[in-house]
Amino acid sequence: MVERLSGEDPNFLKLGYQLHQQVLEGFVDDPIAWYELTDAVVDRLIDAHMSEKPLRVRSQLSAKALDRVIDYIHSNIDRPLGVDEVAAAAQQTWSHFPRLFRKSTGMSPYQFVIRVRLEQALGLLRDSRLPLAEVALRAGFADQSHLCRWMRRAYGASPKKLLESVRPA
């Protein structure tokens, strides 16, 4: 039995070696230890070979694909992003990607990009003395007005009010 074990499951391999040792020694250990060992082997066999594997949820992006998309968005936040190029980061088609992204994150790709841009803008406001127009451009907004509209929409305040709350006086 031991020579048939592949070694892919180290716990099962260890149980196999223990069982093999018991067979070689003529089952000299006490019956309770033998029962526990054989029970562990049977449980492991059932878990590994008889249980159904969890089904992959097909209506979501894989964790790796989602990580690639998020990294891509963060790396390119300062410029206009098209659905087709973000979908390519996930290795999906542009028509299928928005639905998968929404199922995976709870928001559309556009909403996610706006959220990342707003976070970027807030970080720049807090950590730098850049003019608001420069903050808007670095965060990927078309202009200062575009940033101001989104700040009011998302946070209920103008960048000036937000700036007062994030910068020490």
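So, a few notes on the structure that sits alongside this text. (Residues numbered from 1 in each chain as written. Predicted model: local features only at pLDDT ≥ 70, side-chain atom pairs only at ≥ 80, totals over all residues. Heavy atoms only, no water.)

## So, the pattern of salt bridges
So, point 1. Throughout the structure, instances matching the rule amount to 4 salt bridges.
So, point 2. One salt bridge in this structure joins Asp127 and Arg126, with 3.7 Å as the shortest N-O distance.
So, point 3. With relative accessibility at 62%, the residue Asp127 sits in the exposed group.
So, point 4. Measuring nitrogen to oxygen at the nearest pair gives 2.8 Å for the salt bridge that ties Arg138 to Glu134. Taken together, the positions of Arg138 and Glu134, both in helix 7 (residues 132-138) and 4 residues apart, correspond to about one turn of that helix.
So, point 5. On the basis of relative accessibility, which here comes to 41%, the residue Arg138 falls in the partly exposed class.
So, point 6. What makes Glu134 partly exposed here is its relative accessible area of 29%. (Salt bridge = Lys/Arg side-chain N within 4 Å of Asp/Glu carboxyl O. Buried < 20%, exposed > 50% of the residue type's maximum accessible area, 1.4 Å probe, protein only. Helix = DSSP H or I, 4+ residues; strand = E, 2+ residues; numbered from the N terminus.)

## Here we look at the packing of aromatic side chains
So, point 1. Inspection of every chain in the model, using the stated rule, returns 3 aromatic pairs.
So, point 2. Taken together, a centroid distance of 5.5 Å and an interplanar angle of 45 degrees make the contact between Phe97 and Phe101 tilted. You can see Phe97 and its partner Phe101 sitting in helix 5 (residues 97-105), 4 residues apart, about one turn around the helix.
So, point 3. Taking relative accessible area as the criterion, Phe101 reaches 0% and is therefore assigned buried.
So, point 4. Both rings, one in Phe101 and one in Phe112, keep their centres 5.5 Å apart while their planes meet at 75 degrees; by these two values the pair is edge-to-face. In this pair, Phe101 is assigned in helix 5 and Phe112 in helix 6 (residues 109-127), connecting sequence segments 11 residues apart. One exposure class covers both Phe101 and Phe112, and it is buried.
So, point 5. An aromatic cluster is present here, built from Phe97, Phe101 and Phe112 joined pairwise through their rings.
So, point 6. One cation-aromatic arrangement involves Arg153 over Trp150; the distance from NZ or CZ to the ring centre is 4.4 Å. (Phe/Tyr/Trp six-rings, centres within 6.5 Å; stacked < 30°, edge-to-face > 60°. Lys NZ or Arg CZ within 6 Å of the ring centre and 35° of its normal.)

## Here's the deal with the packing of helix 6 against helix 8 (residues 144-155)
So, point 1. The interhelical angle for the contact between helix 6 and helix 8, taken along N-to-C directions, is 100 degrees, at an axis separation of 11 Å. When the axis of helix 6 is compared with that of helix 8, the two are roughly perpendicular. Where helix 6 approaches helix 8, its residues Tyr110, Ile114, Leu118, Glu119, Ala121, Leu122 and Leu125 are matched on the opposing element by Leu147, Trp150, Met151, Ala154 and Tyr155.
So, point 2. By residue class, the composition of the contact of helix 6 with helix 8 is 11 nonpolar, no polar and 1 charged. (Axes fitted to C-alpha atoms, helices over the stretch in contact; angles between N-to-C directions. Parallel < 35°, antiparallel > 145°, perpendicular 65-115°, else oblique. Contact = heavy atoms within 4.5 Å. Nonpolar A, V, L, I, M, F, W, Y, C, P; charged D, E, K, R; others polar.)

## What about the environment of Asn76?
So, point 1. If you trace the backbone, Asn76 turns up in the loop between helix 3 (63-75) and helix 4 (83-89).
So, point 2. Spatially, the C-alpha atom of Asn76 lies 9.8 Å from that of Val86, the residues being 10 residues apart in sequence.
So, point 3. At 2.9 Å, the side chain of Asn76 forms a polar contact with the backbone oxygen of Tyr72. (Polar contact = N/O pair within 3.5 Å; in protein donor to acceptor, adjacent residues only side chain to side chain.)

## Let's talk about the side chain of Ser128
So, point 1. Topologically, Ser128 is positioned in the loop between helix 6 and helix 7.
So, point 2. The class of Ser128 is buried, set by a relative accessible area of 17%.

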